[in-house]
Structure formats: structure tokens, C-alpha cells
Amino acid sequence: AVVSTQSTGTVRVYSAGSTGRTRSSQYKGWGQLHDLKGWSLPHLPSDVETLVPKNFMDKVVRSQTPWLVEFYTPLCGPCQRFTPEMEKLAVALKKQMGVGKVNCNDHYNLCYQAKISGFPALYFYPTSQQSIVGIELETNTAEHIENYLHRNFPHLKSLPVRDEL
């Protein structure tokens, strides 16, 4: 038996409240799962805060709240595989610290200043650090990272609940 198709499906993502095709993003890649996954991840809701150069120094480096930050590139396979772990960390640690991510394709200079040399890169920023270079952590499972943070930074357990605006 010969199976053939006359056309392929179309995958579109519509942002909340959008109407019509002009407000959608259409997938134009190959039909491989890892390509589709890489394209779709930035369009999904996330508990991980997107950080940009404009807010990085005040929000992360000079903050009175510790931060866990992933530096990534969107098409990096290991970065895509680590994304679910960052989401788990954001939920687990949201009362103790900020959890954010920096797209190094879009914000190359920030990543260069932070001395990022590979992806994904995971850095911990204690309170009021004053340096853009954080403490590098191994990208592993969310549970492993959370245990490491609590074991090596015991004051995290006693931090007050973060205010959510």
C-alpha cells in the first residue's frame, strides 16, 4: 500500500485576545518534533520571568531577593530539554527567590558581560551581589538544583514570602 498526502497541516499560535490570522504566529519549519517544540516553547505560558538588559541590573543583581537565572538560546536542544526543569523550579522556589531567563540570541551583550560561554547556563544571584557574574550551577533536574540551593544556601529556607504584584 502506498500512502501519500496532498498537503500538510498548518500550526498556528494565537495570543490571548487576538482575532484573525494577522495576530497569529505560524510554524514554517520542517515537520520534525524537535523543530516544532523549539518553535512552540516561547509561545507557551511560563512561570519563569523573561529578563532583558533594561531590567537585569536592578531586578537581579542589585535585588534584595535572590535570583536563579537561565541563560539560553531558543534553538539549543539542551536548552529546550531544560525548559521544563526551569518551570518546575519557578513554581517550587517562587516564595524564596526570583526565577528568570535571558535569551542570549536577543541579548548577546548581557550574556557576554555575564561571561556566559555555553548553553544552557544556570546562575544563582544572591541578594545585592553587585556583580553581573553570578554563581554557576550545574543544569540538572529541578529537584537536584533545589536541594543544592537549600544545602549550600541555608538562609533561603528562612526568606520571607516574595510579594507578587
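Computed from a prediction, not measured in an experiment: that's the story for all the values here. (Residues numbered from 1 in each chain as written. Predicted model: local features only at pLDDT ≥ 70, side-chain atom pairs only at ≥ 80, totals over all residues. Heavy atoms only, no water.)

**Q** Tell me about the overall build of the protein, residues and numbers included.
**A** A tally of helices and strands in the protein yields 5 helices and 7 strands. For the protein, the α and β elements follow one another from N to C terminus as β-β-α-β-α-β-α-β-α-β-β-α. Each of the 165 residues in the protein was classed as buried or not, and the buried ones make up 36%. A total of about 10700 Å² of accessible surface is found on the protein, and carbon and sulfur atoms cover 51% of it. (Helix = DSSP H or I, 4+ residues; strand = E, 2+ residues; numbered from the N terminus. Buried < 20%, exposed > 50% of the residue type's maximum accessible area, 1.4 Å probe, protein only. Areas by Shrake-Rupley, 256 points an atom, 1.4 Å probe, with all protein chains shown as cover.)

**Q** Quick one: what's the story with the packing of aromatic side chains, residue by residue and with numbers?
**A** Within a pair of aromatic rings, the relevant descriptors are the distance that separates the centres and the angle that separates the planes. What the rule picks out here adds up to 5 aromatic pairs. Relative to Tyr125, the ring of Phe56 has its centre 5.7 Å away and its plane inclined at 85°; by these criteria the two rings are edge-to-face. Separated by 69 residues along the polypeptide, Phe56 in helix α2 (residues 53-61) and Tyr125 in strand β6 (residues 121-125) bring together distant segments of the chain. Take Phe56: its relative accessible area is 0%, and that puts it in the buried class. On the basis of relative accessibility, which here comes to 0%, the residue Tyr125 falls in the buried class. Between Phe124 and Phe153 the ring centres are 4.5 Å apart and the planes differ by 45°, which places this aromatic pair in the tilted class. Highlighted residues: Phe124 in strand β6 and Phe153 in the segment after α5 (142-152), separated in sequence by 29 residues. Neither Phe124 nor Phe153 differs from the other in exposure class; each is buried. (Phe/Tyr/Trp six-rings, centres within 6.5 Å; stacked < 30°, edge-to-face > 60°.)

**Q** Give me the lowdown on the sheet that holds strand β3 (residues 49-50), citing residues and values where you can.
**A** Strand order in this open sheet of 5 strands is β3-β5-β4-β6-β7, and the pairing throughout is mixed. Whereas interior strands pair on both sides, the edge strands pair on one side only; in this sheet they are β3 and β7 (135-137). Looking at chain direction, β6 and β7 are connected through 3 bridges and run antiparallel. Note on β7: the bridge partner recorded for Tyr123 is Glu136. The sheet contacts of α2 involve β3, β4 (67-72), β5 (98-103) and β6, and relative to β4 the element is tilted by about 145°. Packing of helix α3 (residues 77-93) onto the sheet brings it into contact with β4, β5 and β6, and relative to β4 it is tilted by some 165°. (Pairing = 2+ DSSP bridges. Contact = heavy atoms within 4.5 Å. Axes fitted to C-alpha atoms, helices over the stretch in contact; angles between N-to-C directions.)

**Q** Can you explain the environment of Ile116? Please cite residues and give values.
**A** Within the secondary structure, Ile116 sits in the loop between α4 (108-113) and β6. The class of Ile116 is buried, set by a relative accessible area of 14%. Between the C-alpha atom of Ile116 and that of Phe71, which follows or precedes it by 45 residues, the distance is 7.5 Å. Not counting residues up to four positions away in its chain, the partners in contact with Ile116 are Phe71, Cys111, Ala121 and Tyr123.

**Q** Pulling in residues and values, what's your account of the confidence of the model for the protein?
**A** Residue-level pLDDT values for the protein average 84, and 83% of them are 70 or greater. Low confidence marks residues 160-165, where pLDDT is under 50. Its contacts with residues over four positions away, or in another chain, come to 10 contacts. (pLDDT = per-residue confidence, 0-100.)

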